[in-house]
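# Coordinates in review
Letter by letter, the chains look like this.
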Amino acid sequence: MVKICCIGAGYVGGPTMAVIALKCPSVEVAVVDISVPRITAWNSDQLPIYEPGLDDVVKKCRGKNLFFSTDVEKHVAEADIVFVSVNTPTKTRGLGAGKAADLTYWESAARMIADVSKSNKIVVEKSTVPVKTAEAIEKILTHNSKGISFQILSNPEFLAEGTAIEDLFKPDRVLIGGRETPEGQKAIKALKDVYAQWVPEDRIITTNLWSAELSKLAANAFLAQRISSVNAMSALCEATGANVSQVAYAVGTDTRIGPKFLNASVGFGGSCFQKDILNLVYICECNGLPEVAEYWKQVIKINDYQKSRFVNRVVASMFNTVSGKKVAILGFAFKKDTGDTRETPAIDVCKGLLGDKGRLSIYDPQVTEDQIQRDLSMNKFDWDHPLHLQPMSPTTVKQVSVVWDAYEATKDAHAVCILTEWDEFKTLDYQRIYDNMQKPAFIFDGRNIVNLDKLREIGFIVYSIGKPLDAWLKDMPAVA
Ligand SMILES: NC(=O)C1=CN([C@@H]2O[C@H](COP(=O)(O)OP(=O)(O)OC[C@H]3O[C@@H](n4cnc5c(N)ncnc54)[C@H](O)[C@@H]3O)[C@@H](O)[C@H]2O)C=CC1
Ligand SMILES: O=C(O)[C@H]1O[C@H](OP(=O)(O)OP(=O)(O)OC[C@H]2O[C@@H](n3ccc(=O)[nH]c3=O)[C@H](O)[C@@H]2O)[C@H](O)[C@@H](O)[C@@H]1O
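Residues numbered from 1 in each chain as written. Chains lettered and ligands numbered in written order. Predicted model: local features only at pLDDT ≥ 70, side-chain atom pairs only at ≥ 80, totals over all residues. Heavy atoms only, no water.

### Considerations on the overall build of the protein chain
Worth spelling out the cut-off: Starting at the N terminus, helices and strands are each numbered in turn, a helix being any DSSP run of H or I of at least four residues and a strand any DSSP run of E of at least two. Computed by Shrake-Rupley with a 1.4 Å probe, the accessible areas treat only the displayed protein chains as cover when residues are assessed. The convention is simple: Lys and Arg are positive, Asp and Glu are negative, and His and the chain ends are not counted. By convention, charge coordinates are those of NZ in Lys, CZ in Arg, CG in Asp, or CD in Glu.
Along its length, the protein chain carries 18 helices and 14 strands. Counting only C-alpha atoms, the protein chain reaches 75 × 45 × 45 Å along its principal axes. In the form shown here, the protein chain has an accessible surface area of approximately 20,800 Å², with 53% of it arising from carbon and sulfur atoms. Between the centroid of the 55 positive side chains of the protein chain and the centroid of its 58 negative side chains there is a distance of 1 Å.

Here is the structure:
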């Protein structure tokens, strides 16, 4: 029986390994982590992450061929294939701070693998890493190998949160990079055999190591670039009276461009887009390519611009101040169908409104008060470390209350900001909300999900990203 061990039981390690276990009953999969609460949660009925369909998959395999454990060394020692899916945060200090990937967790995992291994192993990079990381990992493993042979593969993950199980069941592609030696090719085949249990062969792409590593960074950069492109257009739409949804549709029907990932928004969030682009920028700079670095940096700059433009629009529309005013925040997660708040645009928007002394009442169906308070008091990039290494937040932000209902959040509010596109926000009773708000009542839709005409009929002053502006808003231009 092939034994797989995955180091890192997070958003990637957990779902990915659960699906491998489901699709490959003859493979034994152990997911290990240094975080005791995470592993306890994986072994309970309350999984540590919210992901549609995940509970079902875990229930079917857990205890049969899928195990979650903190006994990292034992499971690594026994495995034939070791996936490494640990955090690769942005460095916060030292060389490359604010851009380069921090490979501390990767390095310690690699050293541990070298220490405990007694048999040959395939080590798979599942985390997103800088191109050429495999070379460094190889050095760590072979310098300490005691005659054991290690083959390194790059097998980046392309799942998106909220649709992880769907993406894993039917991936657009699985990418495996390895050494172009007979041993490297043999390792590629061994991993390919695992995926081939459910992924059609023509969707399994094999490349050299560096192409696989770089393709992951490139894919995220291209995706984020599309959002920044449409968001840049949204600003121009507001200035000219064009409608960004119509423009995106017209552009996206060109089959060479395609319709996906053209939804204008308050900005992209999530644990990876910003981190991976900063990483790409750093690699370009290190390789003497400042023009290329500058090009990709612009994707982040537009994203930051979009978030501050939104805040400015809110404040400018409300007589240039939100001081002391209650503002309801609907949605805090970085997208719908996840409770994940890593780099959510809601953090920047809330901080911007708090900076203008607003009082915030926040509702998100999947995010806890504790998480929101931590997010609003944590420093940039501190979130992307294993839980027990994150700084505790001793203070709570007093001007913030977190409630468990959209109607409670909006009661007596001057304005509503929609920051996550949860389906339930589309069907709220907006007449009831209007009746219970201060007047004039404002709605700022950062996700373009509300029916503008209906809300205007009710009496709201409505702003929706990239849509023709209300006369009210036109008179109060927001400068980012
Ligand atoms: N979240 C996502 O949707 C995607 C993430 N990725 C990449 O996958 C990697 C992991 O991301 P997530 O799963 O989101 O992170 P995560 O933070 O949810 O999980 C990482 C886990 O690794 C554990 N860990 C860290 N060092 C360890 C060690 N030495 N030994 C054992 N466990 C250790 C942590 O305790 C944590 O539970 C990152 O490189 C990320 O860029 C790639 C594709 C999608
Ligand atoms: O490497 C990763 O972590 C993953 O990053 C993204 O997945 P994810 O961040 O989970 O979610 P996305 O659906 O890509 O959304 C990212 C952000 O962009 C925003 N977005 C997305 C699409 C769009 O048209 N407009 C838009 O503003 C979303 O609301 C969200 O805030 C990629 O889609 C995955 O392929 C990749 O594996």
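### Digging into helix H1 (residues 13-23)
Keep this limit in mind: The rule is simple: take the accessible area with a 1.4 Å probe, protein chains only, and divide by the maximum for that residue type; under 20% is buried, over 50% is exposed, in between is partly exposed.
With respect to burial, H1 is a largely interior element, 9 of its 11 residues being buried. Those residues of H1 lying buried are Gly13, Gly14, Pro15, Thr16, Met17, Ala18, Val19, Ile20 and Ala21.

### Concerning the environment of Gly252
Note the following rule: Whether two residues touch is decided by their heavy atoms; if any such pair falls within 4.5 Å, the residues are in contact.
Positionally, Gly252 belongs in helix H10 (residues 244-252). Gly252 sits in the buried class, given a relative accessible area of 6%. Here Gly252 is in contact with Ile257, Gly258, Pro259 and Leu262, once residues within four sequence places are set aside.

### Some thoughts on the sheet that holds strand E10 (residues 359-363)
In a beta sheet, neighbouring strands are held together by backbone hydrogen bonds and run either parallel or antiparallel to one another. Definition in use: Strands were regarded as paired on the criterion that DSSP finds at least two bridges between them. Fitting a line to C-alpha atoms yields each axis, with helices limited to the stretch in contact; the angle taken between N-to-C directions then spans 0 to 180 degrees.
As summarised here, the arrangement of the 6 strands in space is E11-E10-E9-E12-E13-E14, forming an open sheet in which the pairing is parallel. Edge positions in the open sheet fall to strand E11 (400-402) and strand E14 (461-464), since each of these has one partner strand only. Strand-to-strand, the axes of this sheet are offset by a mean angle of 15°, without reference to chain direction. Note: strand E13 (residues 442-445) against E14, 4 bridges, orientation parallel.

### Description of the site of ligand 2
Condition: If even one non-hydrogen atom of a residue comes within 4 Å of a molecule or strand, that residue is called near it. Polar contacts here mean pairs of N or O atoms no more than 3.5 Å apart (in protein, one a potential hydrogen donor and the other a potential acceptor; neighbouring residues in sequence count only if both atoms are side-chain atoms). Charged means Asp, Glu, Lys or Arg here, nonpolar means Ala, Val, Leu, Ile, Met, Phe, Trp, Tyr, Cys or Pro, and polar covers whatever is left, Gly included.
What surrounds ligand 2 is a group of 20 residues, the closest being Phe158, Leu159, Ser265, Cys272 and Arg447. Between ligand 2 and the protein, one listed contact pairs an oxygen atom with a backbone N or O atom of Glu157 at 3.4 Å. Note that an oxygen atom of ligand 2 is positioned 2.8 Å from one of the side-chain N or O atoms of Lys216. Looking at the shell around ligand 2 element by element, the count peaks at 4 residues for helix H9 (residues 209-240). Looking at the shell around ligand 2 residue by residue, the classes come out as 11 nonpolar, 4 polar and 5 charged.

### Some remarks on the pairing of strand E2 (residues 27-32)
Note the threshold: Handedness of a crossover is defined as follows: orient the strands so they point away from the viewer, and if the path from the first strand over the helix to the second runs clockwise, the crossover is right-handed.
Summarising burial for E2: 5 of the 6 residues are buried, a large majority. The pairing of strand E1 (residues 2-7) with E2 spans 6 bridges and is parallel. By the bridge assignment for E2, Cys6 is matched with Val31. In this fold, the crossover linking E1 to E2 by way of H1 has right-handed handedness. Two strands pair when backbone bridges link them, and E2 and strand E3 (residues 66-69) are joined in this way by 4 bridges, in the parallel orientation. For Val31, the partnering residue across the bridge sits in E3 and is Phe68.

### Quick word on the nonpolar core
Here is the rule we go by: Residues belong to one nonpolar core when they are buried, are Ala, Val, Leu, Ile, Met, Phe, Trp, Tyr or Cys, and are joined through side-chain atoms within 4.5 Å.
Residues Phe310, Leu353, Leu376, Tyr430, Phe444 and Phe460 are the most contacted members of the largest nonpolar core, which totals 65 residues. Broken down by element, this core gets its largest block of residues, 6 residues, from helix H13 (residues 345-355). Counting residues in each nonpolar core, the second largest holds 44 residues, with Ala79, Ala134, Ile227 and Cys284 among its members.

### Considering the UniProt feature "active site" (unreviewed entry) in the protein chain
Applied cut-off: UniProt positions are given in the numbering used here, feature names are shortened, and annotations may be inferred rather than shown by experiment.
Annotation from UniProt places "active site" (unreviewed entry) at Cys272. Along the polypeptide, Cys272 turns up in the loop between H10 and helix H11 (273-286). Taking relative accessible area as the criterion, Cys272 reaches 26% and is therefore assigned partly exposed. For Cys272, the contacting residues outside a window of four places in its chain are Asn220 and Ile277.

### Points about the site of ligand 1
The environment of ligand 1 is made up of 26 residues, and the closest members are Asp33, Arg38, Thr88, Glu161 and Lys275. At 3.0 Å from an oxygen atom of ligand 1 is found a main-chain nitrogen or oxygen belonging to Tyr11. In this structure, Val12 approaches ligand 1 through a main-chain N or O atom, which is 2.9 Å from an oxygen atom. Here ligand 1 has 830 Å² of accessible area as a free molecule, and 94% of this is covered by the chains. Tallied by class, residues from the shell around ligand 1 come to 9 nonpolar, 10 polar and 7 charged.

### Considerations on the pattern of salt bridges
Basically, it comes down to this: Whenever a carboxyl oxygen of Asp or Glu lies within 4 Å of a side-chain nitrogen of Lys or Arg, that contact is scored as a salt bridge.
Applying the stated criterion across every chain, the model contains 24 salt bridges. Asp423 is the salt-bridge partner of Lys336, the closest N and O atoms lying 3.1 Å from each other. With Lys336 in the loop between strand E9 (326-330) and H13 and Asp423 in the loop between strand E12 (415-418) and helix H16 (430-435), this residue pair connects regions lying 87 residues apart in the sequence. Under the relative-accessibility criterion, Lys336 is labelled partly exposed at 25%. The partner of Arg342 in a salt bridge is Asp340, with the nearest N and O atoms 3.0 Å apart. For Asp340, a relative accessible area of 2% gives the class buried. Taken together, the shared-partner salt bridges in this structure form one network comprising Lys99, Glu285, Glu294, Lys297 and Lys301.

### Remarks on the pairing of E9
Counting buried positions along E9 yields 5 of 5 residues, so the element is predominantly enclosed. In the sheet, E9 pairs with E10 via 5 bridges, with the strands oriented parallel. The residue of E10 that forms the bridge with Lys326 is Arg359. For the crossover from E9 across H13 to E10, the handedness is right-handed. When E9 meets E12, the two strands line up parallel, connected through 4 bridges. Paired with Ala328 across the bridge in E12 is Val416.

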